[in-house]
Amino acid sequence: MMNAATDTLGRPLRDLRISVTDRCNFRCPYCMPAEVFGENYTFLPRAEILTFEEIVRLTRLFVGLGVRKARITGGEPLLRRELQALIRRLAAIDGVEDLTLTTNGYLLPRAVGGLREAGLHRITVSLDSLDEDVFKLLNGRGYQVAQVLEGIRAAEAAGFAPLKINAVVQRGVNDHTVVDLARHFHGTGHIVRFIEYMDVGNRNGWRLDQVVPAAEIVQRIHEEMPVAAVAPNYPGEVARRFRYLDGSGEIGVIASVTQPFCGDCTRARLSTDGKVYTCLFAGTGVDLRGPLRSGASDGELLATVTEIWEGREDRYSELRTAETAEMPSFSKVEMYQIGG
Ligand code: SAM
Ligand code: SF4
Ligand code: SF4
């Protein structure tokens, strides 16, 4: 194993998020608004998307620099053909201790058996609300909650329980449904994690007043189902944990806006077309696909990634103000390109 890399703020490289497609079957307004991503939208042509060979090769190099966790994301990762084959190869890499997938859950019933068999360790399902009208609005395609709940049941049956259920909370959109969501999964073992709505990308018209602070979310749940804070599972865990006082499980909150955690941010992101981003809010990524396809050696690629990480200074969320976040001229990568 090679030397672990640390950045200019002393942060090690530990996690890699791999976006395997820029396509999605949902049109969540905060990520891929239907009016932008319509019938005629041009997604990446096949030739521009990293092949499984390329993803596996890059992941091995990242593992050499310290990565221990890999998360497959997108777009909607279950739309990538033969995903199982990629998972099988990633799971076999020595040093990948945790291999996870984030999905909107819709295609899980047909895919999940194969994912399990291929060696995937864990699944996170995104589900912003159980309220039918709110959910229809939030998936942008009129899909029903039952279809995602069926995906969750399929994941349980395939042996993936407990799951993490991620919900992005927006004031005036779904914040009135957070307690219901918590109640639904209370006692099931699954952990709902409420995420503050972030100013990712340039297309969702984010405003600070749409963010519901994590403390407020916890308070609303606490009033109905009392909770107490719990210590993190490991140093640098981004979700803050709270356990129900009745002993029936826990919830988490990810306070990316009100209590940023850049000091503990150990994630690199690989976009569908092979660029490395060292921050969710980065304006540009560094292309690895070009060098990969023009015959760069492992040593050369490793030197490039090391240089990227060692030069990293990102701490966008700690520096964010309402002004910087709403500045239209500041161009950021879009969430569907790097997957969160
Ligand atoms: N399609 C998959 C899904 O929805 O789970 C994986 C990709 S999606 C981009 C990953 C996560 O990013 C989802 O949980 C989604 O809710 C979250 N997300 C997208 N835009 C966001 C934003 N502006 N603020 C916070 N989370 C966001
Ligand atoms: Fe698709 Fe996930 Fe983005 Fe929603 S959040 S549009 S499900 S990629
Ligand atoms: Fe990491 Fe950038 Fe988010 Fe800070 S703002 S936690 S550096 S991704």
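Residues numbered from 1 in each chain as written. Chains lettered and ligands numbered in written order. Predicted model: local features only at pLDDT ≥ 70, side-chain atom pairs only at ≥ 80, totals over all residues. Heavy atoms only, no water.

A closer look at the overall build of the protein
Scanning the protein for helices and strands turns up 12 helices and 12 strands. Over its C-alpha trace the protein gives a radius of gyration of 19 Å, about what one expects of a compact globule, namely 20 Å for 340 residues. Residues classed as buried in the protein amount to 54% of the 340 residues present. Partitioning the intrachain contacts of the protein with sequence separation of at least 6 by distance along the chain shows that 74% fall at a separation of at least 24. When the accessible surface of the protein is totalled, it reaches about 14800 Å², and 50% of it is carbon and sulfur. Between the centroid of the 40 positive side chains of the protein and the centroid of its 44 negative side chains there is a distance of 3 Å. (Helix = DSSP H or I, 4+ residues; strand = E, 2+ residues; numbered from the N terminus. Rg over C-alpha atoms; globule rule 2.2 N^0.38 Å. Buried < 20%, exposed > 50% of the residue type's maximum accessible area, 1.4 Å probe, protein only. Contact = heavy atoms within 4.5 Å. Areas by Shrake-Rupley, 256 points an atom, 1.4 Å probe, with all protein chains shown as cover. Lys, Arg positive; Asp, Glu negative; His and termini not counted. Charge placed at Lys NZ, Arg CZ, Asp CG, Glu CD.)

A few points about the site of ligand 3
With respect to spatial proximity, the complete set of residues near ligand 3 consists of Phe261, Cys262, Cys265, Arg269, Cys279, Leu280, Phe281, Arg312, Asp314, Tyr316 and Ser317. In terms of residue class, the shell around ligand 3 is built from seven nonpolar, one polar and three charged. (Near = heavy atom within 4 Å. Nonpolar A, V, L, I, M, F, W, Y, C, P; charged D, E, K, R; others polar.)

Considerations on unusual backbone geometry
The omega angle of the peptide bond from alanine 161 to proline 162 is -5°, so this bond is cis rather than trans. Examined against the element boundaries, proline 162 turns out to sit in the loop between α5 (145–157) and β5 (164–169). The residue glutamate 82 is not glycine, and still its phi comes out positive at about 60°. Summarising the element assignment, glutamate 82 is placed in the loop between β2 (69–73) and α2 (83–91).

Quick notes on the site of ligand 2
All residues adjacent to ligand 2 are Cys24, Phe26, Cys28, Cys31, Met32, Gly75 and Asn104. Here the shell around ligand 2 is composed, by residue class, of five nonpolar, two polar and no charged.

Examining the nonpolar core
Ranked by internal contacts, the top residues of the largest apolar core, which has 108 residues, are Leu115, Ile123 and Phe194. The leading source of residues in this core is helix α1 (residues 52–64), at seven residues. When neighbours within four sequence positions are excluded, isoleucine 123 is seen to be in contact with Leu101, Thr103, Leu108, Val112, Leu115, Ala155, Phe160, Leu163 and Lys164. (Core = buried A, V, L, I, M, F, W, Y, C linked by side-chain atoms within 4.5 Å.)

A closer look at the sheet that holds strand β11 (residues 275–277)
With mixed pairing, the 12 strands of this open sheet are ordered in space as β7-β8-β9-β6-β5-β4-β3-β2-β1-β10-β11-β12. Looking at the sheet topology across the chains shown, the edges are occupied by β7 (227–230) and β12 (286–287). Where strand β6 (residues 191–196) meets strand β9 (residues 250–254), four bridges bridge the pair, whose relative direction is parallel. Opposite isoleucine 195, over in β9, you have isoleucine 254 as the bridge partner. The sheet strands contacting helix α6 (residues 178–185) are β5, β6 and β8 (240–244), and the helix crosses β6 at an angle near 160°. Of the strands in this sheet, β5, β6, β7, β8 and β9 touch helix α7 (residues 214–224), which is tilted by about 160° from β9. (Pairing = 2+ DSSP bridges. Axes fitted to C-alpha atoms, helices over the stretch in contact; angles between N-to-C directions.)

Description of the packing of aromatic side chains
Inspection of the entire model under this criterion finds nine aromatic pairs. Aromatic rings pair up to connect Phe26, Tyr106, Phe135 and Tyr143 into one cluster. One cation-aromatic arrangement involves arginine 116 over phenylalanine 160; the distance from NZ or CZ to the ring centre is 4.7 Å. (Phe/Tyr/Trp six-rings, centres within 6.5 Å; stacked < 30°, edge-to-face > 60°. Lys NZ or Arg CZ within 6 Å of the ring centre and 35° of its normal.)

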